[in-house]
Amino acid sequence: MNIKVRLALMNFLEFAVWGAYLTSMGNYLGRAGMGAEISWFYAIQGIVSIFMPTLMGIVADRLIQPQRLLGYCHLIAGVFMVSLFMMGMNSATPDKTIFMTLYTLSVAFYMPTLALSNTAAFAILTNHNLDTVKDFPPIRVFGTVGFIATMWFVNCAVVDGGSFGLTLADNANKFQYTHLQFLVSGVLSFVLFVYCMTLPQCKLQPKKAQTLAESFGLDAFKLFKTKRMALFFIFSGLLGMSLQVTNGYATPFITSFKGIPEMADSFAANNATLLVSISQVAEALCILLIPFFLRRYGIKMVMLIAMFAWVLRFGFFGLGNPMMPGVLLFVLSCVVYGVAFDFFNVSGGLFVNAECDESVKASAQGLFMLMTNGLGATVGTLLAGQVINHYCQWTEDGYLLGDWQTCWFIFAGYALVVALLFLVMFRTKKEVKA
């Protein structure tokens, strides 16, 4: 099989594992008596992202070939994910402590695979004399396709009366509401484990001696001595606080309209995971727009556009509803998510690459991810959970009802303040052009 096709399939499976539960898990947690802990489930991803990718990266550099380590991590993550399914199968309200512990162990081994899959792909492409800059982006797009594919599957898949089917109609047994979404994720992890064992070897290369601080990327923290870089990383953390909010709460929010009789039968309320998948479609498409916007407007404006897109992302949710024409605002919220997510993450990475010395570029990229997807996302998710738990409560029917509009407007107001502060305070030394 063509090596690029094989790597595309690897990326498809890598993100399909995540898409099976990331955006739909909140609905299940609410029905399983863990609705108040939704923010913690999403914060855990940020917490383990602070140290696990670095640890697994060191192992991949020195001990185990990255494509094999990728497979081993998926095997372990899959075991714990299937354990979640089994707990859900045995009890409608599983023990919170055990359930969260198993979930933590699963994501602790999954999150490093996001970097390991890139490492393996880059090494395999290089070993086959292919251009990583040219050939990797089309391969990576299949990861987003895989994420969307399993979102659509768990949205429509249902086991009812002992038989399996697919439906867009109202059905409380859809995978997006049940523990079966974890089974889908676990099985796909097992498939990827087997597949990784068939990938070409990525022979370990001798590494120069490094201090412990260099191994963990801690040398990048010296960049905080420069005011411009310090501001950039601080704002990365502040913006990162918005990243996981809608992953955790968009589907419980949209599904909550099923608790309102006049909106209970609407297509959007019964297919929240499918609707939210528009966000991932937009994300894939917006990557293609970044070179044009960078050439036309420069790095600071592109990052500002991303920040104001977060204002719209939250604001449209606050103004919309699942009936026409309100559902169009939900769609717009999902469309602008592509701009909100990609324009800062991709352009921010380019800014770090242009501004930092060669000796700390890799560490600086790690610090950027730490501030956004680690510290920022963790703190933001926990604070968002406090806001939502204050204004909304789970009903006996499993719907998170309350003053959602106030919640979304609070999040939009926060994003607006961050954007305005960034506009006033941040200055670039040189513009980054695509």
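Shown above is the structure to which this text applies.
Scope of this entry: the structure provided in the associated data block.

What counts and how
- Residues numbered from 1 in each chain as written.
- Predicted model: local features only at pLDDT ≥ 70, side-chain atom pairs only at ≥ 80, totals over all residues.
- Heavy atoms only, no water.
- Phe/Tyr/Trp six-rings, centres within 6.5 Å; stacked < 30°, edge-to-face > 60°.
- Helix = DSSP H or I, 4+ residues; strand = E, 2+ residues; numbered from the N terminus.
- Buried < 20%, exposed > 50% of the residue type's maximum accessible area, 1.4 Å probe, protein only.
- Lys NZ or Arg CZ within 6 Å of the ring centre and 35° of its normal.
- Pairing = 2+ DSSP bridges.

**Description of the packing of aromatic side chains**
Remark: the centre distance and the inter-plane angle together describe each pair of aromatic rings, the angle taken between the planes. On inspection of all chains with the given rule, the structure shows 36 aromatic pairs. Judged by centre distance (6.4 Å) and plane angle (40 degrees), the rings of Tyr-72 and Phe-193 are tilted. Separated by 121 residues along the polypeptide, Tyr-72 in helix 5 (residues 66-90) and Phe-193 in helix 8 (residues 180-196) bring together distant segments of the chain. Centroid distance Phe-317 to Trp-408: 5.0 Å. Interplanar angle 40 degrees. Geometry classified as tilted. On the criterion of sequence distance, the pair formed by Phe-317 in helix 15 (residues 299-319) and Trp-408 in helix 18 (residues 404-425) is long-range, its members being 91 residues apart. Per residue, the accessibility class of Phe-317 equals that of Trp-408, and both read buried. Pairwise contacts between aromatic rings join Phe-253, Phe-257, Trp-310, Phe-314, Phe-317, Phe-330, Tyr-337, Phe-341, Trp-404, Trp-408 and Phe-411 into one cluster. Here Arg-31 stacks its cationic end above the ring of Tyr-177, 4.7 Å away from the centre of that ring. When the ring centre of Phe-15 is taken as reference, the NZ or CZ atom of Arg-140 above it lies at 4.1 Å.

**Considerations on the pairing of strand 2 (residues 163-166)**
Bridge count for strand 1 (residues 157-160) against strand 2 is four bridges, and the pairing is antiparallel. What sits directly across from Val-159, in strand 2, is Phe-164. Adjacent in sequence and paired antiparallel, strand 1 and strand 2 are bridged by two residues, among which Gly-161 carries a positive phi angle near 65 degrees.

**Considerations on unusual backbone geometry**
Cis geometry marks the peptide bond from Met-324 to Pro-325, where omega comes out at 0 degrees. Take Pro-325: it is sitting in the loop between helix 15 and helix 16 (326-355). Non-glycine residue Asn-129 carries a positive phi angle of around 60 degrees. Examined against the element boundaries, Asn-129 turns out to sit in the loop between helix 6 (96-127) and helix 7 (132-156).

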